[in-house]
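Residue-level structure breakdown
Chain by chain, the residues:
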Amino acid sequence: MTAARLLRLARMGLKDMLRHKMRAFLTTLGVVFGVASVIAMLAVGEGASRQALLQISRLGARNLILYSQKPAADTQPAASQSSMLALYGLQYEDELRIRESIPGVVRTVPVRWMRKETWYRDRKLELRLVATTPDWFDLVNRPLLAGRVLTADDMTRREPVCVLTEYGARRLLAGTEIVGEIVSIGNVPFRVVGIVRNEESAGAVQTPDLPTDAYTPLPVCRERFGDITVVAETGSRAMELVPLHQILVEIRSLEEVEPAARAIETMLRRFHKREDYRLSVPLALLREAETTRRTFNIVLGSIAGISLLVGGIGIMNIMLASVTERTREIGIRRAIGARRSHIILQFLVETSVLSGIGGIIGLALGMMIPLLITRLSGMPTYIPPWSLLLSFSISVLIGIVFGLYPALQAARLDPIEALRHE
Amino acid sequence: MTDTVIRLESVVKIYRIGTVDVPALRGISLEFLRGSFTAIMGPSGSGKSTLLNVIGCLDRPTSGRYFLEGRDVAGLDDNARSDLRLHHLGFVFQSFNLIPQLTVLENVELPLFYQDIPPTESRQRALEMLEMVGLSDRTHHRPVELSGGQQQRAAIARALTTNPSFILADEPTGNLDSATGQQIMELLANLHQRGRTIVMVTHEPDIAAWAKRRVLMRDGLVHAIQDSIP
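It should be emphasised that the depicted structure is a prediction, and the values quoted were computed from it without experimental measurement.

Thoughts on the nonpolar core
- Core analysis: the biggest nonpolar cluster contains 110 residues, and V35(A), I39(A), I40(B), L130(B), A157(B) and L168(B) have the highest contact counts within it.
- Sorting elements by how many residues they give to this core places helix α2 (residues 21–58) of chain A first, with 13 residues.
- Discounting chain neighbours no more than four positions away, the residues touching I39(A) are L363(A), G366(A), M367(A), I383(A), S387(A), L388(A) and S391(A).
- L90(A), C221(A), L248(A) and L286(A) belong to the second-largest nonpolar core, a separate cluster that totals 57 residues.

Here's what the structure looks like:
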């Protein structure tokens, strides 16, 4: 069997179909919609999960984030409740212990923050002053727009310098020219040394940074503002002593992330009487999102698969009808000298061509639907290249599988019986 | 040149219809020489078409032996019989049996397609055959657009494209008026003159008269054999 003959068989099948346009059209319709729905559904599923994954990966898959949190009220001893100072959260010692004793930890970044009224010329804005170390900018990777980020030099010189976000600068009605200018943060004059781009943290995933951050060296903040924060709560004002609001932990490799997270939790439980901290593991979120995505894809995929199956049954139906209709033709071909395998091949090629054409139209339609969805509803969609390959090969496979039975029926016919058929 | 190319030895063919065995051939022994022109005659139900189908390797005898060019073909499997039909036998049917959705040219090319002949060569050969039967101006018509005689000529062209040694014709003029039938018979006689072995089934004596030898059948048996005086 040569490739040239297959080609001629395919051409013959094609010609035959052109003579039965309506029949061919109806047959392929099932495959067209099957393929299109597989692609469209996978694109919607992939689009949603990609967005989630992107957000999570911005947190850094090798990072762990520890947050301080106010412990539940009922665990507070009565004595400390009456005193105005609430004492909780992550300690400087915690950071040191994590860095020194947890295996796999590359570095840690301490973070302290407070809300401060900020003035630039006559513009006022409430910023979150984030006191941290230069390592912050390595772990929370945000593009630098102008100037520079914090350096080790800033840590030792203890001058009041800060890095603004693009959003913060815009809210102060300033562009990149604000670099080098003085802004007043909590009545302390800070020199702006750089601007970073901030990420809009959309969705359920929490990023460690906010759009209204201003970054400053940790020693500067402690020197100027102390360790006690005044928080305005409903009706009253409370004072809090929270040494660190956040500790970012970078782990050497992905494999060590989860063991390190467990070790950190065990250690913190020993040193903290109350649950005044929270550990967030982006990698775990990532895994969870992957699992959700897989489930989602399987559900959508099987719905679409059923429509492909229906398309296949349609093809089988038409091919069976065509075998009956063409019994005499089969008899003639056999009398001329066609082998059984020639007849099988002829019918198989015809169904393959039918489902192949249906598949191609389905591909085009399937690529258009996600574009339309995004255009009309703004829902993110993404067509993974493998989904095109998958749905197309499934459609051809279905054509072959469902075409096989009619083809075998056709070849089984006795040539004399077939010739007598009217 | 007078060697035996078809030899049947006590060929029996029994059809099973439901639970009843219906004998169509009840022991036929016949020989056909190379280049002979034989007509098989007999009333309907005498088994003449069954005999032609056995000779044409479309049907297998229930018992008995069948030698085609010295080769025992009675026991061959389906593929081998297909290949014999493809390379050595050409069929001409009463109802022409052209494939309606193919053009005349495509119909004539069909056996060459199964022989895996390259398209340009097979086109060339099919056109030559169509010219020989006088249908050069009808190559791209569909069979329904042709008269009965033209259709039969196309069918003969199709039977001839593979250059087979045997032409098997089953009532070739049965669906034609006598004038057209005359033309078809002239064509067959012409092929006989060129050395082809022809076996033709007919029940019309004036058609059978074209053959050099007549086999009369009755009830699945050879009743008589008439040879024309050379």
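Observations regarding the sheet that holds strand β1 (residues 4–17) of chain B
Residues and elements named next belong to chain B.
- Spatially, the 4 strands line up as an open sheet ordered β2-β1-β4-β5, and their pairing is antiparallel. The sheet is open, and its two borders are formed by β2 (20–33) and β5 (71–72), each paired with just one other strand.
- Here 11 bridges tie β1 to β2, and the two strands are oriented antiparallel to one another. What sits directly across from R16, in β2, is D21.

Digging into the sheet that holds strand β3 (residues 37–41) of chain B
All names here are of chain B.
- The 6 strands are arranged β6-β7-β8-β3-β9-β10 in an open sheet whose pairing can be described as mixed. The open sheet has two edge strands with one neighbour each: β6 (89–92) and β10 (221–227). Between one strand axis and the next, the sheet turns by 20° as a mean value, whatever way the strands run.
- Pairing analysis gives 4 bridges linking β3 to strand β8 (residues 197–201), with the strands arranged parallel. The partner of A39 across the bridge, within β8, is M200.

Considerations on the interface of chain B and chain A
- Across the boundary between the two partners, chain B contributes 19 residues, which contact 17 residues of chain A.
- If you list the elements that add at least two residues to the side of chain B that touches chain A, you get α2 (78–88) and α3 (104–114) of chain B.
- With 6 residues, α2(B) is the largest single contributor of residues to the side of chain B that touches chain A.
- Grouping the amino acids of the side of chain B that touches chain A by side-chain chemistry returns 9 nonpolar, 5 polar and 5 charged.

The rules behind the values
- Here, residues in each chain are numbered from 1, in the same order as that chain's written sequence.
- Both sets of labels track the order of writing: A upward for chains, 1 upward for ligands.
- Given that this is a predicted model, residues contribute local features only at a pLDDT of at least 70 and side-chain atom pairs are listed and counted only at 80 or more, while totals for whole chains, interfaces and linings are drawn from all residues.
- Note on terminology: a nonpolar core is a set of buried residues of type Ala, Val, Leu, Ile, Met, Phe, Trp, Tyr or Cys, with members joined through C-beta atoms within 7 Å.
- Residues with at least 20 other C-beta atoms within 10 Å of their own are called buried, those with 12 or fewer are called exposed, and the rest are partly exposed. The C-beta atoms themselves are positioned from the backbone.
- Strands are runs of DSSP state E lasting at least two residues, helices are runs of H or I lasting at least four, and both sets are numbered from the N terminus onward.
- A residue pair is marked as a contact if its C-beta atoms, positioned from the backbone, fall within 7 Å.
- In this description, strands pair whenever DSSP reports at least two bridges between them.
- An axis is simply a line fitted to the C-alpha atoms; with a helix, the fit covers only the stretch in contact. Between two such axes, the angle follows the N-to-C directions and lies from 0 to 180 degrees.
- For this classification, the nonpolar set comprises Ala, Val, Leu, Ile, Met, Phe, Trp, Tyr, Cys and Pro, the charged set comprises Asp, Glu, Lys and Arg, and every other residue, Gly included, is treated as polar.

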